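Report on the structure
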Amino acid sequence: MTGERIAIVGVGQTVHKSKRTDVNTAELCAEAVEAALADAQLTIKDIDCVILGSFEPADGYSGPDKWIVPEIGCVGKAGFEMQNVGTTGAVACATAFNMAASGLFENVLCVAWQKMDEAAGAFGRGGGGANEYWTGQFPMSPITNFARRTYDYMTRSGCTEEHLAMVRVKQDQCAQRNKNAQLKLGLTVEKVMGDFLLAWPIRRLHMCPTTAGSAAIVVCPEKRAKKVSMKPVWVEDWFTCHQGGALTMAEDPQASTLGYACKKIYKRCGITNPKKEIQAWEVYEPASTAELRWMEEVGVAEDYKAWKLFEQGKVGIEKEIPFNPSGGVTATNPIGCTPVVRVVEASLQVRGDAEEHQVPGTINRALATGYGGQGENVVFLLKKAL
Amino acid sequence: MLKKEEPQDPSVAFRYPRVIPYKHSLGYQSKFAHALKMGRIIATKCPVDGRCTVPPRIVCPMHHVRQTEWVDQGQRGKLLSAFKINFPMFDSRTGELKSWEYPIVAIELEGGARMDGWCAETDTEKLKPGIILEAVWRPAEERKGRVDDIIYWKPV
Amino acid sequence: MTHHDKKGVADIPEDPIIVEVQAHSNFLVTIGNTGHKFLSEIKDNKTIMGIKCPQCKKVYVPPRTHCPTCFAKMSEWVKLSGQGTLETFTIVRYKEQYMPKEPPYAYGVIKLNGADTGVVHFIGGIDLNKIKVGMKMEPVFKEQREGSILDIEYFKPVG
């Protein structure tokens, strides 16, 4: 990688809830910014660049950066807003990383949010990447997309609905130990399997909730990062790309860029055994069932065999594979902000600051991802030591 | 208009319903829309690997070359997957929350392109991957040049 | 499956098509506790309140939780007389979708006495062609108020 080496020196997020009637959207962001600045032990005056992220159709504000920038004390600072459906927060983080790596800025703030109690339901004409005119007649949404993906996965792997329920229960057990997570439900396999069926095999409990939440990070180039933080989290690499095909998911229900992006990053960083060389994983799963295929694409499970690991009880915070120790997107999903939450959670894991949901042992590397649209992924690799 | 619970106190929260008109140019895909009006499905073909895509694209997404060859995809296809939506979802075209009676199917057409459609068979147990489906079209005078000019796909 | 009939495509027209669609939305706007207090004072007491920054001492109307300059949390409310000076205005004469009033109507920025920010609102109670920058203005409240910024019907010149 060329450019300055960079590190995350501060992270913050709100306690995620389904509704926040006590604050408007700008005030919600201010809470996350305060938390990140407090964590970094910096003030707003130190920040010289601000990157914002929001999936505008999900809460109905067009060009919200004009409103929010003054309310977070960032008038006169360089910066702009990024937007890209589910990967919004991820592209905002990636942009913030690039701004810090450019050497032009010393302290870059990245804040993303979504206040989904304000959503009108049918957000996003265009179905997250598909051409609206051709797909607008179909109710395309993460529910139907993941119904397709999961059905295809079950056909190829031979796993049963019970295994899908096991994934959801693992998610919930992790979320119960995360003070910021929204959904903590005390689930069992029976409860999940008996839940309302949305579109087979996806049940209501499998899907992520709608959330009002915000998260922020502060990123600095190397020299500054070492001065500001005792525990900088180094951003080793990141990658994103679009996928060919899957305009409507008819073309390839398993099409996803996750495996491709991970292979690229692993090669660039010399990782040959991800299961051993990466100790914590915060991989964006819009439906809990997506974890099965994602585990295979990032390289901790063999193709179409991840479901066996759940059967064997090998996935969990203190288990062999600590996948999504925060409870994942299934517990909390303020769309535009969710990938930033993944980066925040992954950073906390590397620092050893994840409190009750901390993966035991030394976390030398953590992987965080953002997912959006029909299968786009943004992948970040975070590292403890240079 | 989308119906949601009305907030009572505007000093706490309020709604602002809007209907915004747009005019979209179909461009290169206009030919596809004309074909649908004629009761035909056509696709563009990549000159590098011969893959056909529906809806058509002016440039191949993988090989970055212009796709100038159009190929008729026939009237039948092989079922790839099917699923039924069990809950009311918004129809983003009208703003209505409605129930969706027919399953959505993914089909591989005779010409090799893949597309989505509705399916006449509502019993998903009968929809096994590999069965052959045939397009059932609206009467010619009712077609608008949209993918729903195909009312649904029926098992042969 | 039989091999499909290899029909030619030359007979299919290529004339460009333009499609008209309508996007429906019905978003909710949450005011937040701070904004709620501001609107409640207008509704219940016909009073306009500002909020003051503990660091730079600027008074903001409408209020917000954090100072845009200092990012300090603000909690000191200041009661304002409601009177102010017209800084700038315009008269809207054209019509388009979703306008608040029938044109022609005037709206402008009024710098309230005791505040450091201007407030955007309608200007009324005066012949539109006689409005001048620098005029002293005061709010005219509606009889029936519901907790909205439009509980102020408009600002009119004093006297």
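Note that the structure is a prediction, hence the values are computed from the model and not measured.

In this section: the overall build of chain B. When helices and strands are counted, chain B shows one helix and 12 strands. Taken from N to C terminus, the helices and strands of chain B fall in the order β-β-α-β-β-β-β-β-β-β-β-β-β. By the compact-globule yardstick of 15 Å for 156 residues, chain B is too spread out, its C-alpha radius of gyration being 19 Å. Based on the C-alpha atoms only, the size of chain B along its principal axes is roughly 60 × 40 × 35 Å. Out of the 156 residues in chain B, the part that is buried amounts to 46%. In chain B, 51% of the contacts between residues at least 6 apart in sequence involve partners at least 24 apart. With 25 positive and 20 negative side-chain charges, chain B shows a separation of 5 Å between the mean positions of the two kinds.

So, about the packing of aromatic side chains. The tally for this structure, following the rule as stated, stands at 14 aromatic pairs over all chains. On the numbers, 5.5 Å between centres and 15° between planes, the contact of Trp100 of chain B with Trp118 of chain B is stacked. You can see Trp100 of chain B sitting in the loop between strand 8 (96-98) and strand 9 (104-109) and its partner Trp118 of chain B sitting in strand 10 (residues 114-118), a full 18 residues away along the chain. The same class applies to Trp100 of chain B as to Trp118 of chain B, namely buried. By way of ring pairs, the aromatic residues Phe146, Tyr284, Trp294 and Tyr371 of chain A are connected into one cluster.

Residues and elements named next belong to chain A. The contact between helix 9 (residues 258-269) and helix 11 (residues 290-298) brings their axes to 8 Å, and the two run at 30°. As judged from the angle between their axes, helix 9 and helix 11 are roughly parallel. Once helix 9 is placed against helix 11, the crossing between them reads as right-handed. Taken together, the residues of helix 11 that come into contact with helix 9 (itself represented by Leu258, Gly259, Cys262 and Tyr266) are Trp294, Glu297 and Val298. When its residues are assigned to classes, the contact of helix 9 with helix 11 shows five nonpolar, one polar and one charged.

Where a protein is soluble and globular, its nonpolar side chains tend to be buried together. Residue and element names in this part refer to chain A. Tyr266, Trp281, Met295, Val298, Phe323 and Leu367 are the most contacted members of the largest nonpolar core, which totals 57 residues. Per-element tally for this core: the top contributor is helix 9, with six residues. Not counting residues up to four positions away in its chain, the partners in contact with Trp281 are Tyr266, Pro274, Lys275, Val298, Val300, Pro322, Phe323, Asn324, Pro325 and Leu367. Membership of the second largest hydrophobic core comes to 42 residues, among which are Ile51, Ala100, Phe380 and Leu382.

Residues and elements named next belong to chain A. Here helix 6 (residues 161-175) contains 15 residues, and its C-alpha end-to-end distance of 22 Å stays within 8% of the 21 Å for a straight helix at 1.5 Å per residue. With 12 of 15 residues buried, helix 6 lies mostly within the body of the structure. What helix 6 keeps buried is the set His163, Leu164, Ala165, Met166, Val167, Arg168, Val169, Lys170, Gln171, Asp172, Cys174 and Ala175. Where helix 6 is buried, its residues contact helix 5 (142-157), helix 7 (189-193), helix 11, helix 12 (306-311) and helix 13 (328-331).

Below, the discussion takes up the pairing of strand 9 (residues 136-141) of chain C. Residue and element names in this part refer to chain C. Bridge count for strand 6 (residues 84-92) against strand 9 is two bridges, and the pairing is antiparallel. Bridge pairing in strand 9 links Thr85 to Lys136. Looking at chain direction, strand 9 and strand 10 (residues 152-157) are connected through five bridges and run antiparallel. When the bridges of strand 10 are listed, Phe141 appears paired with Ile152.

Below, the discussion takes up the pattern of salt bridges. Residues and elements named next belong to chain A. Enumeration according to the criterion identifies 38 salt bridges over all chains in this entry. As a salt-bridge pair, Glu355 and Lys179 come within 3.1 Å of each other at their nearest N and O atoms. Taken as a pair, Glu355 in the loop between helix 14 (338-351) and strand 10 (365-372) and Lys179 in the loop between helix 6 and helix 7 lie far apart in primary sequence, 176 residues in all. A relative accessible area of 55% places Glu355 in the exposed class. Residue class for Lys179 comes out exposed when judged on its relative accessible area of 56%. The salt bridge partner of Asp237 is Arg268, with a shortest N-O separation of 2.9 Å. With Asp237 in strand 8 (residues 233-241) and Arg268 in helix 9, this pair connects stretches of sequence that are 31 residues apart. On the basis of relative accessible area, Asp237 is assigned to the buried category, the value being 1%.

So, on to the confidence of the model for chain B. Residue and element names in this part refer to chain B. When pLDDT is averaged across chain B, the result is 88; 95% of the residues are at 70 or more. For chain B, per-element mean pLDDT is lowest for strand 7 (residues 89-91), which scores 74, and highest for strand 11 (residues 132-137), which scores 97. With pTM at 0.90, the complex prediction returns an ipTM value of 0.82.

Here we take up a nonpolar patch on the surface. Residues Ile20 and Tyr22 of chain B together with Tyr98 of chain C make up a contiguous nonpolar surface patch of about 270 Å² in total accessible area. With respect to the helices, strands and loops of the structure, Ile20 of chain B is situated in strand 2 (residues 18-25). Residue classification places Ile20 of chain B among the partly exposed positions, given a relative accessible area of 33%.

Moving on, we come to the sheet that holds strand 9 of chain B. Strand order in the open sheet formed by five strands is 10-9-6-11-12 (chain B), with antiparallel pairing between adjacent strands. In the strand order of this sheet, the two ends are held by strand 10 and strand 12 (150-155) of chain B, each with one partner. Shown here is a sheet whose adjacent strand axes are inclined to one another by a mean of 45°, direction ignored. Of the strand pairs in this sheet, strand 6 (residues 76-83) of chain B and strand 9 of chain B are connected by six bridges, and their pairing is antiparallel. Looking across to strand 9 of chain B, one finds that Ser81 of chain B is bridged to Ala106 of chain B. Contacts from helix 5 of chain A reach strand 6, strand 9 and strand 10 of chain B, with the element oriented near 100° to strand 6 of chain B.

Attention shifts here to the environment of Ala368 of chain A. Residues and elements named next belong to chain A. Here Ala368 lies in strand 10. Accessibility expressed as a relative area gives 0% for Ala368, which makes it buried. Here Ala368 is in contact with Glu282, Arg342, Val343, Ala346, Val378, Val379 and Phe380, once residues within four sequence places are set aside.

Listed per partner, the contact involves 43 residues of chain B and 36 residues of chain C. Summed over the shared surface of chain B and chain C, the number is two salt bridges. The partner of Arg40 of chain B in a salt bridge is Asp11 of chain C, and the shortest N-O contact between them spans 3.3 Å. Where chain B packs against chain C, one counts 17 residue pairs in polar contact (both at pLDDT 80 or more). Put simply, the parts of the chain that give the side of chain B that touches chain C at least two residues each are strand 1 (13-15), strand 2, helix 1 (30-37) and strand 5 (69-72) of chain B. In terms of residue class, the side of chain B that touches chain C is built from 21 nonpolar, 12 polar and 10 charged. Here strand 2 of chain B runs beside strand 1 (residues 18-25) of chain C; their pairing, made up of eight bridges, is antiparallel.

Rules used in this analysis
Residues numbered from 1 in each chain as written. Chains lettered and ligands numbered in written order. Predicted model: local features only at pLDDT ≥ 70, side-chain atom pairs only at ≥ 80, totals over all residues. Heavy atoms only, no water. Helix = DSSP H or I, 4+ residues; strand = E, 2+ residues; numbered from the N terminus. Rg over C-alpha atoms; globule rule 2.2 N^0.38 Å. Buried < 20%, exposed > 50% of the residue type's maximum accessible area, 1.4 Å probe, protein only. Contact = heavy atoms within 4.5 Å. Lys, Arg positive; Asp, Glu negative; His and termini not counted. Charge placed at Lys NZ, Arg CZ, Asp CG, Glu CD. Phe/Tyr/Trp six-rings, centres within 6.5 Å; stacked < 30°, edge-to-face > 60°. Axes fitted to C-alpha atoms, helices over the stretch in contact; angles between N-to-C directions. Parallel < 35°, antiparallel > 145°, perpendicular 65-115°, else oblique. Left-handed = near helix turned anticlockwise from the far one by under 90°. Nonpolar A, V, L, I, M, F, W, Y, C, P; charged D, E, K, R; others polar. Core = buried A, V, L, I, M, F, W, Y, C linked by side-chain atoms within 4.5 Å. Expected span 1.5 Å × (residues − 1). Pairing = 2+ DSSP bridges. Salt bridge = Lys/Arg side-chain N within 4 Å of Asp/Glu carboxyl O. pLDDT = per-residue confidence, 0-100. Patch = residues over 30% accessible without salt bridge, like charges linked within 9 Å, V, L, I, M, F, W, Y side chains within 5 Å. Areas by Shrake-Rupley, 256 points an atom, 1.4 Å probe, with all protein chains shown as cover. Polar contact = N/O pair within 3.5 Å; in protein donor to acceptor, adjacent residues only side chain to side chain.

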